[in-house]
There are 2 protein chains.
Amino acid sequence: MDKIGYYYQLTLKMFLEQGMSFAPNQIIKYRDQLQFTYTEHYNRVKKLSNALKSLGVRPGEAVGMLDWDTHRYLEAHWAIPLYGSLFHTVNVRMSPEQIKFCINHAEDVVLFVNEEFIPLLESIQDELTTVKTFVLMTDTPGHVPSTTLPNTIEYEQLLSQQSTAYEFPEISEDTRATLCYTSGTTGNPKGVVFTQRDLVMHAISVLISFSCYPQGMNVQANQVYMPLTPMFHVQAWTVPYFAFMLGNKFILPGKYEPSLILKWLSEEKVNHSHCVTTILHMLLFHPDVEKYDLSHWRVDLGGAKLTRQLAERAWELGVFTLSSYGMTETCPAMTICNIKPEHYDLPVEDQIAYRIKSGIPYTWGQIKVVDEDYNEMPKDGKSVGNVIFRSPWCTHEYFHDPEKTKELWRNDWLNTGDVGYMDLEGYLVITDRNKDAIKSGGEWISTLTLEDAISQFPPILECAVIGIPHPRWDERPCVFIALKPGQNASAEDVRNHLLKFADAGKIEKWWIPDLPDGYVFIDAIPHNYIGKIEKVTLRKMYAEGKK
Amino acid sequence: MDKIGYYYQLTLKMFLEQGMSFAPNQIIKYRDQLQFTYTEHYNRVKKLSNALKSLGVRPGEAVGMLDWDTHRYLEAHWAIPLYGSLFHTVNVRMSPEQIKFCINHAEDVVLFVNEEFIPLLESIQDELTTVKTFVLMTDTPGHVPSTTLPNTIEYEQLLSQQSTAYEFPEISEDTRATLCYTSGTTGNPKGVVFTQRDLVMHAISVLISFSCYPQGMNVQANQVYMPLTPMFHVQAWTVPYFAFMLGNKFILPGKYEPSLILKWLSEEKVNHSHCVTTILHMLLFHPDVEKYDLSHWRVDLGGAKLTRQLAERAWELGVFTLSSYGMTETCPAMTICNIKPEHYDLPVEDQIAYRIKSGIPYTWGQIKVVDEDYNEMPKDGKSVGNVIFRSPWCTHEYFHDPEKTKELWRNDWLNTGDVGYMDLEGYLVITDRNKDAIKSGGEWISTLTLEDAISQFPPILECAVIGIPHPRWDERPCVFIALKPGQNASAEDVRNHLLKFADAGKIEKWWIPDLPDGYVFIDAIPHNYIGKIEKVTLRKMYAEGKK
């Protein structure tokens with residue numbers, strides 16, 4: 001049959017236009033420094049789109065950004081994908097070496113750079129192979145940062161040259177929209193691609209899960225929203241898209257400073273945020289927290305497990321919390337701890353037990369726990385297996401890496417790499433996250449990169465890094481070391497060796513294991529029958545040693 | 001790029017599975033007669049799917065249904081489209097002649113028939129060209145209706161032969177899912193097709209518009225839902241799909257009986273319904289209405305304009321109302337009267353003015369008012385033009401009629417045929433619905449069919465039918481008649497002529513214009529320069545005559 005008429009594509013434009021038409025006078029605030037109406041914001045997005053054209057960016061090419069949660073990030077969030085280019089949200093917490101890898105791998109043609117990250121880029125500028133223009137961004141009006149970077153222009157100057165007259169092109173919903181690199185389990189980060197449609201369907205699912213369930217996040221039109229997971233981190237869970245659609249007031253916190261965040265949460269009567277447990281911990285145990293009224297605030301937690309202690313602290317302060325589970329490849333939503341109707345009448349202290357689980361699937365997510373042959377495990381609250389997932393928003397592409405993509409989609413399910421079980425009430429419980437990787441303060445530490453650095457210390461025969469529990473950072477790395485016969489080395493020696501790698505930008509300084517718990521010397525690293533290091537055994541050894 | 005992994009299709013299965021996983025013990029009630037848990041319902045849906053297979057239905061073939069709002073309708077709502085066949089929701093309010101046309105045009109291979117409609121089908125059975133099996137449905141347990149229809153089987157008997165083991169096939173989101181005929185503006189009804197994806201996107205949009213806007217419908221998980229526009233009428237606005245997804249309790253009213261509906265609304269504490277103004281009027285002005293507590297009830301009105309009088313009556317009784325505007329081709333959502341943030345603090349009596357407009361677009365709908373050359377009209381509260389529409393859910397197909405489809409999509413916009421203007425606050429105001437057609441008691445009267453019948457009365461030279469306002473039915477037909485020179489005829493004569501057409505099943509009896517207002521004799525019917533009857537002039541003449 002011939003196609004007749006207009007076929008509406010699922011693109012981010014849906015959210016932008018709907019918000020503009022519903023609440024053209026709503027406010028977007030950047031810290032205490034700037035504010036824009038939705039209409040002004042919309043016009044700046046159109047100018048930015050024209051700017052991309054003036055810089056010669058072609059549809060499909062990647063454009064990178066290094067910035068905190070600013071009004072500029074939100075502008076780029078719309079303009080870069082809606083222009084038809086690929087928005088590379090550079091993770092500024094990676095090491096310079098990794099950032100260099102990502103920019104070259106993405107083939108970014110333009111980089112938008114907050115002046116704070118200019119020195120970082122200068123340190124790798126000779127090795128960047130594709131960047132034609134650097135757009136410098138500063139919070140100081142009228143100031144143009146000085147730099148040795150070539151071909152630079154300041155962001156506001158660039159925008160000021162542009163017209164607001166711009167028609168977003170009609171693009172296919174299957175157009176690549178965003179690219180964010182994850183250093184989950186391998187040496188080189190992998191570029192996770194989401195299409196326009198992926199982002200749209202993810203945003204819809206999260207919105208429904210946040211809006212339609214009693215005693216949940218209660219997100220509504222005309223509320224106040226503050227992101228508290230960085231916008232470079234899986235597109236801030238796509239919440240900015242639907243928050244704008246609903247005419248929410250935006251309070252953009254820039255670089256996170258707990259005392260200022262507390263002040264704004266209270267002054268602006270913020271209704272909802274997404275956050276990682278590390279940041280929430282800093283806020284709720286801040287010495288001044290009792291001075292602020294946080295009773296309007298509802299928070300969805302991700303990144304690492306929400307502990308009962310933290311959930312109870314939140315409740316004491318009038319803050320509603322629930323937890324979510326996900327990963328970069330799932331955009332990130334997989335499960336959310338919305339409670340089921342049979343628990344609506346439970347007292348809060350009993351509800352908390354449900355709110356800190358891994359959760360039930362986000363709207364339309366499909367979770368299965370399976371054995372190695374993909375047979376579903378009994379939902380009996382104890383049968384542990386591999387967690388696999390399907391949804392209308394999963395990534396279908398590690399950028400330029402079909403092999404890894406095929407591995408991810410083994411047996412036509414997204415293989416999370418995590419293990420867990422389904423409890424008797426239909427909640428997922430994750431028992432081991434991504435097996436080998438470590439999440440510390442909400443950010444990944446690549447064990448392979450760390451092991452690579454450590455093993456370059458001459459006395460070392462072999463090493464293996466595992467995550468160990470930490471009260472503040474959830475997890476910290478711990479390295480098991482087998483020395484070469486007749487060699488000697490202390491924990492301090494290994495640490496000093498690693499400091500040199502950090503100074504050289506090869507690893508992050510905060511990746512270095514802490515003294516003394518982070519260093520364990522053993523005779524030999526255990527391997528399984530196919531030669532893979534048995535990290536499960538190491539974790540058991542660590543736990544035994546702690547008893 | 002090769003496609004890797006599983007591509008999640010937007011199909012109705014998303015809503016079914018999500019509801020099952022969230023609320024397997026929730027209840028679906030049919031009147032005071034029957035109730036099923038979601039799990040039992042789900043199993044019946046699977047049995048019905050197997051039944052389709054056992055009846056030899058092939059994917060893509062049409063299966064029709066003639067029934068009121070029953071548990072069976074809801075079962076078919078899922079099973080027929082998810083099996084991959086085309087669900088023809090027969091409008092039982094059409095004339096037998098039209099119903100015959102629709103069934104043959106749809107090429108229904110199976111018809112599900114409530115015993116009330118068996119005599120109707122018997123009257124046309126010899127002219128049905130494609131139906132192989134009639135599945136008879138009755139509310140009386142154990143009873144098998146007797147009929148002259150060939151190849152019949154009773155619904156419960158059919159289900160009882162089936163297994164609950166059934167895997168819904170993986171179908172493309174572009175598969176045709178539903179087919180409903182509209183007798184809007186032409187002689188023969190047109191079959192409006194919606195794909196799986198159309199229905200999914202429509203349901204999502206309506207859900208967001210019903211759930212996320214303060215002082216709106218406030219639809220949430222675990223509420224109580226009663227449909228009050230028939231399920232054969234544009235799939236009950238797709239509300240059953242998302243109501244199930246949210247684990248809502250269903251109260252299915254069967255054939256509408258105002259006194260029973262009032263009783264159930266009160267007893268079951270129903271939270272939300274979609275309804276036409278005619279039915280709402282019957283309920284709210286029912287002699288016993290004050291006996292019932294309707295204060296939980298929120299109603300979205302469609303079909304015809306919600307009057308201030310009716311909205312105020314609702315408010316007196318504690319019922320929340322707002323109005324929507326749409327048409328069959330838009331599934332039907334176009335606009336909804338959610339109020340904007342600047343009106344949240346208005347007193348209710350002032351908010352009512354906004355709630356009875358045509359509204360602002362449903363989430364992601366795009367409305368434009370344009371001149372004949374598709375230039376947008378000023379949004380000045382007075383510039384009237386043609387209303388055109390785009391959305392992620394518009395029909396792309398009049399069944400087997402590409403020419404009419406192309407007309408509908410002239411200039412790549414869905415041409416509603418309605419005229420109106422945008423007011424200064426961004427609300428659409430419809431001034432003329434579908435120009436020539438008449439909507440009476442929520443149902444279309446085809447003016448062309450009526451004119452065709454009237455003009456067969458020998459003394460008549462030419463006639464034209466317009467809609468005139470009516471306090472109860474919103475609109476009634478009025479025929480302007482020009483007699484042949486030297487001929488005579490009275491209104492009574494014309495009415496008697498039409499009664500014969502009704503008896504013959506060529507038109508509905510309730511289409512016949514009322515005495516005396518429905519008959520106006522004039523010298524000549526006015527035409528425009530291309531020969532089209534100027535109905536606008538006739539409407540003015542009628543209004544002048546009433547002064």
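Residues numbered from 1 in each chain as written. Chains lettered and ligands numbered in written order. Predicted model: local features only at pLDDT ≥ 70, side-chain atom pairs only at ≥ 80, totals over all residues. Heavy atoms only, no water.

**Student:** Before we go on, may I ask you to explain the overall build of chain A in this structure?
**Tutor:** Regarding its fold elements, chain A presents 16 helices and 25 strands. For a compact globule of 547 residues, the expected C-alpha radius of gyration is about 24 Å, and chain A comes in at 24 Å, within 12% of that figure. Overall size of chain A, expressed as C-alpha extent along the three principal axes, is 70 × 65 × 60 Å. For chain A, the residues scored as buried account for 63% of the 547 residues in total. Sequence separation of 24 or more characterises 70% of the internal contacts of chain A that already satisfy a separation of 6 or more. With the model as given, the accessible surface of chain A reaches about 20200 Å², and the carbon-plus-sulfur share is 50%. Each charge class in chain A can be summarised by its mean position, and for the 51 positive and 68 negative side chains these summaries are 1 Å apart. (Helix = DSSP H or I, 4+ residues; strand = E, 2+ residues; numbered from the N terminus. Rg over C-alpha atoms; globule rule 2.2 N^0.38 Å. Buried < 20%, exposed > 50% of the residue type's maximum accessible area, 1.4 Å probe, protein only. Contact = heavy atoms within 4.5 Å. Areas by Shrake-Rupley, 256 points an atom, 1.4 Å probe, with all protein chains shown as cover. Lys, Arg positive; Asp, Glu negative; His and termini not counted. Charge placed at Lys NZ, Arg CZ, Asp CG, Glu CD.)

**Student:** So what exactly am I meant to see when it comes to the pattern of salt bridges here?
**Tutor:** Should their charged atoms come close, side chains of opposite charge can pair. Residue and element names in this part refer to chain A. Under the defined criterion, the tally for this structure stands at 56 salt bridges over all chains. For Asp67, the salt bridge identified is with Arg72, shortest N-O distance 3.2 Å. Of the two residues examined, Asp67 and Arg72, each falls in the buried class. Several salt bridges converge on common partners, so that one network encompasses Glu97, Lys100, Glu127 and Lys506. (Salt bridge = Lys/Arg side-chain N within 4 Å of Asp/Glu carboxyl O.)

**Student:** It is not clear to me how the packing of aromatic side chains should be interpreted in this structure. Could you clarify?
**Tutor:** Applying the stated criterion across every chain, the model contains 34 aromatic pairs over all chains. When the ring of B:Tyr38 is compared with that of B:Phe244, the centres are 3.9 Å apart and the planes differ by 10 degrees; the resulting orientation is stacked. One end of the pair, B:Tyr38, is in helix 2 (residues 38-54); the other, B:Phe244, is in helix 8 (residues 239-245), and 206 residues separate them in sequence. On the basis of relative accessible area, B:Tyr38 is assigned to the buried category, the value being 0%. Accessibility expressed as a relative area gives 0% for B:Phe244, which makes it buried. Centroid distance B:Phe389 to B:Trp393: 6.3 Å. Interplanar angle 55 degrees. Geometry classified as tilted. For the pair shown, B:Phe389 and B:Trp393 are each scored as buried. Feature note: the residues A:Tyr38, A:Trp78, A:Tyr225, A:Tyr241, A:Phe244 and A:Phe250 constitute an aromatic cluster, connected by ring pairs. Above the plane of the ring of B:Tyr30 lies B:Arg72, whose end atom (NZ or CZ) is 6.0 Å from the centre. (Phe/Tyr/Trp six-rings, centres within 6.5 Å; stacked < 30°, edge-to-face > 60°. Lys NZ or Arg CZ within 6 Å of the ring centre and 35° of its normal.)

**Student:** Sorry, what's going on with the sheet that holds strand 25 (residues 519-521) of chain B here?
**Tutor:** Note: strands within a sheet are paired through backbone hydrogen bonds, in either parallel or antiparallel orientation. Residue and element names in this part refer to chain B. Reading across from one edge, 23-24-25 is the order of the three strands in this open sheet, with mixed pairing throughout. Either end of the sheet is taken by a strand with one partner, and the two such strands are strand 23 (460-470) and strand 25. Ignoring which end each strand starts from, the neighbouring axes of this sheet average 25 degrees apart. Docked against the sheet, helix 14 (residues 447-454) engages strand 23 and strand 24 (474-483), running at close to 140 degrees with respect to strand 23. Its contacts with the sheet put helix 16 (residues 535-546) on strand 23, strand 24 and strand 25, and the angle it makes with strand 23 is roughly 65 degrees. (Pairing = 2+ DSSP bridges. Axes fitted to C-alpha atoms, helices over the stretch in contact; angles between N-to-C directions.)

**Student:** Please explain helix 1 (residues 13-22) of chain B as it appears in this structure.
**Tutor:** One turn of an α-helix holds 3.6 residues; hence residues three or four places apart share an orientation. Most of helix 1 of chain B sits out of view: eight of its ten residues are buried. Elements in contact with the buried residues of helix 1 of chain B: helix 7 (196-211) and strand 16 (360-361) of chain A together with helix 2, helix 3 (71-83), helix 7 (196-211) and helix 8 of chain B.

**Student:** Is there a simple way to explain the interface of chain B and chain A in this structure?
**Tutor:** How big an interface is tends to be stated in terms of accessible area lost as the parts join. Taken together, the contact pairs 49 residues of chain B with 49 residues of chain A. Buried surface at the junction of chain B and chain A, both sides included, amounts to about 4500 Å², of which 63% is carbon and sulfur. For the pair chain B and chain A, the interface holds two salt bridges. Residue B:Glu173 pairs with A:Arg197 through a salt bridge whose shortest N-O separation is 2.7 Å. At the junction of chain B and chain A, the tally comes to 16 residue pairs in polar contact (both at pLDDT 80 or more). Those elements that place two or more of their residues in the side of chain B that touches chain A are helix 1, helix 7, strand 16 (360-361) and helix 13 (402-408) of chain B. When residues in the side of chain B that touches chain A are grouped by element, the largest group, six residues, is from helix 7 of chain B. A class-by-class count of the residues in the side of chain B that touches chain A yields 29 nonpolar, eleven polar and nine charged. (Buried area = accessible area lost by both parts, 1.4 Å probe. Polar contact = N/O pair within 3.5 Å; in protein donor to acceptor, adjacent residues only side chain to side chain. Nonpolar A, V, L, I, M, F, W, Y, C, P; charged D, E, K, R; others polar.)

**Student:** Honestly, the environment of B:Asp108 in this entry has me stumped. Any pointers?
**Tutor:** Take B:Asp108: it is sitting in strand 5 (residues 108-114). Beyond its immediate chain neighbours, meaning those up to four positions away, B:Asp108 contacts B:Ala62, B:Val63, B:Gly64, B:His88, B:Ile103, B:Thr130 and B:Val131.

**Student:** In this structure, what is going on with the relation of the copies chain B and chain A? I would like to understand it.
**Tutor:** Note: a rotation about an axis with an accompanying shift along it relates these two copies of the chain. In the superposition of chain B on chain A (RMSD 0.3 Å, axial shift 0.0 Å), the rotation amounts to 179 degrees. Taken together, the turn and the small shift mark the pair as related by a two-fold rotation axis. (Least-squares fit on C-alpha atoms with pLDDT ≥ 70 in both.)

**Student:** Looking at this structure, I do not really get the packing of helix 11 (residues 308-316) of chain A against helix 12 (residues 348-355) of chain A. What am I missing?
**Tutor:** Between two packed helices, what matters for the description is the angle formed by their axes and the separation of those axes. All names here are of chain A. Running from N to C, helix 11 and helix 12 cross one another at 135 degrees; their axes reach a closest spacing of 10 Å. The pairing of helix 11 with helix 12 is recorded here as oblique in orientation. Note on packing geometry: the crossing formed by helix 11 with helix 12 is right-handed. Contact with helix 11, carried on its side by Arg308, Ala311, Glu312 and Trp315, involves Val348, Glu349, Ile352 and Ala353 of helix 12 and no other residues of that element. For the contact of helix 11 with helix 12, a count of residues per class yields five nonpolar, no polar and three charged. (Parallel < 35°, antiparallel > 145°, perpendicular 65-115°, else oblique. Left-handed = near helix turned anticlockwise from the far one by under 90°.)

**Student:** For this particular structure, what's the right way to read unusual backbone geometry?
**Tutor:** Backbone geometry follows two general trends: most residues other than glycine have a negative phi, and most peptide bonds adopt the trans configuration. Following A:Leu515, the chain continues into A:Pro516 via a peptide bond in cis, with omega recorded as -5 degrees. Position of A:Pro516 among the secondary structure elements: in the loop between helix 15 (491-503) and strand 25 (519-521). Going from B:Cys331 to B:Pro332, the amide bond is cis rather than trans, its omega being 5 degrees. Relative to the helices and strands, B:Pro332 is located in the loop between strand 14 (320-326) and strand 15 (333-336). Unlike most non-glycine residues, A:Val234 shows phi in positive territory, near 45 degrees. Considering the arrangement of structural elements, one finds A:Val234 in the loop between strand 10 (224-225) and helix 8 (239-245).

**Student:** Hey, could you run me through the environment of A:Gly5 in this one?
**Tutor:** Checked against the element boundaries, A:Gly5 lands in the segment before helix 1 (13-22). For A:Gly5, a relative accessible area of 23% puts it in the partly exposed group.

Read these as spatial facts, not as claims about activity.
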